[in-house]
Amino acid sequence: MKKNRLGLSIGALVLVLLLLSACGNNKAKNETTTPEPAGSATAEKSSLDKIKESGKLRIGTEGTYAPFTFHDDSGKLTGFDVEIAEEVSKHLGVKPEFIETQWDGIFAGLEAGRFDAIFNEVSIREDRQEKYDFSDPYIVSKSLLLVREDNNEIKKLVDLKGKKSAQSLTSNLADIATANGAEIVSVDGFNQAIDLLMSKRVDATINDNLSFLDLKKQKPDIKIKSVDETSDASQSAALFAKGNDELIRAVNQALSDMKSDGAYLKISEKYFGADVSK
């Protein structure tokens, strides 16, 4: 049997060469698949970095939900949430790009990556927190008991017993009215409830204080008063897909700065005549 200068047989030498080749391939494979450390030039960029690079914040909103997001007489998209989002974008150093989407599809749009955030008076709820992340709340909404100004019988929620209350059947406010003994008259929404109240077809309605503030802003002489409020309050915030911590921190900082520099209060008073963050 032939041997080389190291005293190995030709077969043994071939085996050694094959083993060395396999080790080299494994080493090369490991080197190419090892992930880059965070912060390296090739590491994946955060959503905040991508937004700043693109120069725009993509915002999902309805555009049909006054006074939060709607079109004014000139056709321009405006509203409380729209102006809040515009100011947040300014603090981030980018331009807002609003993508109008019906409410029924707005969450799916966020999941599909059509936009970076939703600004649309989205209430913070446990079921939503399981799937999405919220910014710090920038809207606090309470529910008020509204009656006509000439009504002196209803002063508290308990006074609804035996009275007619205009409520949307899909709202938990109907449950509150029922629990206090009211007869429910079904309506599609706030405006219809107010119409029935003013025409004396119902005695009261329990409704959102933001809607009432907007009504008083638009019609300061309307003869309706608030006589009581529910004990609970809901909070609303910007909504994000999970995993956007840096972006959310930046938005929270922007909201905090807006409250400090007076920008938030200016927008709030424009639409509601009050600070709706409290």
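Refer to the structure printed above.
Residues numbered from 1 in each chain as written. Predicted model: local features only at pLDDT ≥ 70, side-chain atom pairs only at ≥ 80, totals over all residues. Heavy atoms only, no water.

Chemist: Could you give me a rundown of the overall build of the protein chain, with the residues and numbers involved?
Modeler: What the protein chain contains, in helices and strands, is ten helices and eleven strands. Taking all 278 residues of the protein chain together, the buried fraction comes to 41%. Of the contacts formed within the protein chain by residues at least 6 apart in sequence, a portion of 67% connects residues at least 24 apart. With an accessible surface of roughly 15,900 Å², the protein chain has 49% of that area assigned to carbon and sulfur atoms. (Helix = DSSP H or I, 4+ residues; strand = E, 2+ residues; numbered from the N terminus. Buried < 20%, exposed > 50% of the residue type's maximum accessible area, 1.4 Å probe, protein only. Contact = heavy atoms within 4.5 Å. Areas by Shrake-Rupley, 256 points an atom, 1.4 Å probe, with all protein chains shown as cover.)

Chemist: Summarise the layout of surface pockets; cite the residues concerned and give the values.
Modeler: Empty space within the largest pocket amounts to approximately 1,300 Å³. Of all elements in the fold, only β5 (117-123), β7 (139-148), β8 (164-167), α6 (172-179), α7 (190-198), β10 (205-208), α8 (209-218) and β11 (224-241) reach the threshold of two or more residues within the lining of the largest pocket. Element by element, the count of residues in the lining of the largest pocket is highest for α7, at six residues. For the lining of the largest pocket, the class distribution of residues is 16 nonpolar, 18 polar and ten charged. Ser47, Arg58, Phe115, Asp116 and Asn244 are the residues nearest the centre of the second largest pocket, which is lined by 13 residues in total. Elements represented by at least two residues in the lining of the second largest pocket include exactly α2 (47-54) and α4 (103-111). (1 Å grid on protein atoms, 1.4 Å probe; cavity = no way out; pocket = protein on both sides within 12 Å on 5 of 7 lines; lining within 4 Å. Points joined across faces, edges and corners; volume = space filled by probe spheres on them. Nonpolar A, V, L, I, M, F, W, Y, C, P; charged D, E, K, R; others polar.)

Chemist: How would you sum up the pairing of strand β9 (residues 183-186)? Please name residues and give values.
Modeler: Relative to β9, β8 runs parallel, the two sharing four bridges. When the sheet's bridge partners are listed, Ser165 is paired in β9 with Ile184. Of the crossover connections in this fold, the one passing from β8 over α6 to the parallel β9 is right-handed. (Pairing = 2+ DSSP bridges. Right-handed = clockwise from strand over helix to strand, strands pointing away.)

Chemist: Before we move on, can you summarise the environment of Ile206 with the specific residues and values?
Modeler: By the element assignment, Ile206 lies in strand β10. Look at Ile206 and you get buried, because its relative accessible area is 1%. For the pair Ile206 and Leu173, spaced 33 residues apart in the sequence, the C-alpha separation amounts to 6.2 Å. If near-sequence neighbours (up to four positions away) are discounted, Ile206 is found in contact with Ser143, Leu144, Leu145, Leu157, Leu160, Ser165, Ala166, Gln167, Leu173, Ile176, Ala177 and Thr230.

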